[in-house]
Every structure is written in structure tokens, then in C-alpha cells.
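Listed below are the residues making up each chain.
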Amino acid sequence: NTLKTTDLPVEKIWEDNDNKEGLRPTSITVILYEKTASTTRKSTGKILTLDENNNWKGIFVNLSEYKNDEKVEYTVEESGVSDIMYDKTVTGTQATGYVLTNKLKTIDIPVEKIWNDMNNRDGLRPESITVTLYENGTATNKTVQLNESNDWKYTFEKLPEYKEDKKVDYTVKETGVPTGAAKYMSEITGNQTDGYTITNTHYDGYIEITGKVWLDGVAGKSNDINGTLGAEDTPLKGIKVTLKDSN
């Protein structure tokens, strides 16, 4: 009599943007499990090591189809891949083989530049600015130039949400914007979930206000008036004037 056997192919698929972040392990281990109608699921002790050398493919060979006249059900599990950094799925059947897919958990971070300079009234707005992506406070090599051709917008795509099983903190900084007196104030708002907005507001050092005219016919008003100054009706943060009878 010839023992009935079967072969079980296994393949690993990576969905990680061709490992551009270098987070993929060099190899993973696939463990073969078995169970029958009268036995619980247990490890067979058989493993496969998948890596680039075997194109992330392997075959469990000469597996017994039956044990004690009961058909054996074979399944697989993998080790060596982070559950925090990757989403894992196993598809296929014992007859066709199993495919283990690991998808890197990623996020997209949009960035937008807003100019608050009365439509570049003074001609100080640069033709482009550079935005650098920071990872846990350290500059990365990911940069983008924002300009009119891309509507001053960009999205950093497929960024790893986790590295070494820890959530990555992404921020942005800009360069290429003139700052200082009579130039631009810069403010960055937002977060990595909703995206970042970089607002540059142009101011002229100071604006002289020559007087306040009361239209209610009451002379000698004593109440102070507080106001804010800004381009295009947008208040300039931190700039306030007080108008009263004495001035």
C-alpha cells in the first residue's frame, strides 16, 4: 500500500511600497499546523523559512492526507513579522496553497501653504518654498517644493505609521520664506491625522492710525477701543491697538 500524501505550497506577499522604508524583515518563518476530526489543532513541527533567496515561496512536501483514517486539515501561521507595524491576512486553501500577505500600516499627510499678504501686494512672496518632513523631531530626506503650479499643496503618501513597533510622530518645517521685520510671520497648524497648514502673513512693521470718528454725536467718549490689524481683513496675531480720547 502507498501512503497518500499531498504537497502544500506557501507564498509570502509584501505590500510595503517595495520596502522603500527598509522595514521588511530579511526572512520570516512559516509554521505548519494540523488537525483531524478527533484531534485539536497542533503544530506539526515542520517549518519553512521564506526570504528573497527563495522568492518568498516554499512547499511543505509529502504531508499525510490521512491519519487514523481521518482526513488531515493543514493550516499555517507565520512568525517574525510585527503585528503592530503590519496588517496580516492568510488566504487560500489546503488544495491550492496558502498566501500570507503583510500590508505595512501607513498614513498620508497633506500639507497646504496659505499666503496672507494681500495677493502679494509688496512682491515679497517667493516663487516656491520647500517643506521638509520631520520624523520624531529629526529631518528626513522627504522634501517638496510648493508653488503655484501645485496650488501650494502636496501630500506625503504611504508613510509608515509605526517603526520598531512605536508610533511615528510626523511634523513639517518650511524654508525659503523671507522673515523678520517687514517680511513674513509663519505659523504651522494641524496634525499628522488631519494634515498641516503653513500660513505666512506679511506685515509692514507698523501701521499709523490717525484718528477715530464717533458717529453717535457724543463728544468726549471715555471708553477705550481695542482693534487688530491685518491683511485682507485677517487679524495679525499678537498685534493690538487701543484708541481713546487722549490719542
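Residues numbered from 1 in each chain as written. Predicted model: local features only at pLDDT ≥ 70, side-chain atom pairs only at ≥ 80, totals over all residues. Heavy atoms only, no water.

Novice: For this particular structure, what's the right way to read the pairing of strand 2 (residues 27-36)?
Specialist: It is a general feature of regular strands that their side chains alternate between the two faces of the sheet. Where strand 2 and strand 3 (residues 39-51) come together, 8 bridges link them in antiparallel fashion. Within strand 3, the position partnered with I28 by the bridge is L50. Across 7 bridges, strand 2 lies against strand 7 (residues 73-79) in antiparallel orientation. Paired with T29 across the bridge in strand 7 is S79. (Pairing = 2+ DSSP bridges. Helix = DSSP H or I, 4+ residues; strand = E, 2+ residues; numbered from the N terminus.)

Novice: When you look at the confidence of the model for the chain in this model, what are you seeing that I'm missing?
Specialist: This prediction gives the chain a mean pLDDT of 87; 81% of its residues lie at or above 70. Contacts of residues 221-228 to residues separated by more than four positions or lying in other chains number 20 contacts, the stretch itself having pLDDT below 50. This model gives residues 230-234 a pLDDT under 50, and the stretch forms 13 contacts once residues within four places in sequence are excluded. (pLDDT = per-residue confidence, 0-100. Contact = heavy atoms within 4.5 Å.)

Novice: Would you take a moment to explain the sheet that holds strand 11 (residues 128-135) for this structure?
Specialist: Strands in a sheet are paired, the pairing made by backbone hydrogen bonds, and the direction either parallel or antiparallel. The 3 strands lie next to each other as 12-11-16, forming an open sheet whose pairing is antiparallel. In the strand order of this sheet, the two ends are held by strand 12 (138-147) and strand 16 (170-175), each with one partner. Pairwise comparison of adjacent strand axes, ignoring direction, gives a mean angle of 25° for this sheet. With 6 bridges connecting them, strand 11 and strand 16 associate as antiparallel partners. Note that in strand 16 the partner of V131 across the bridge is E174. (Axes fitted to C-alpha atoms, helices over the stretch in contact; angles between N-to-C directions.)

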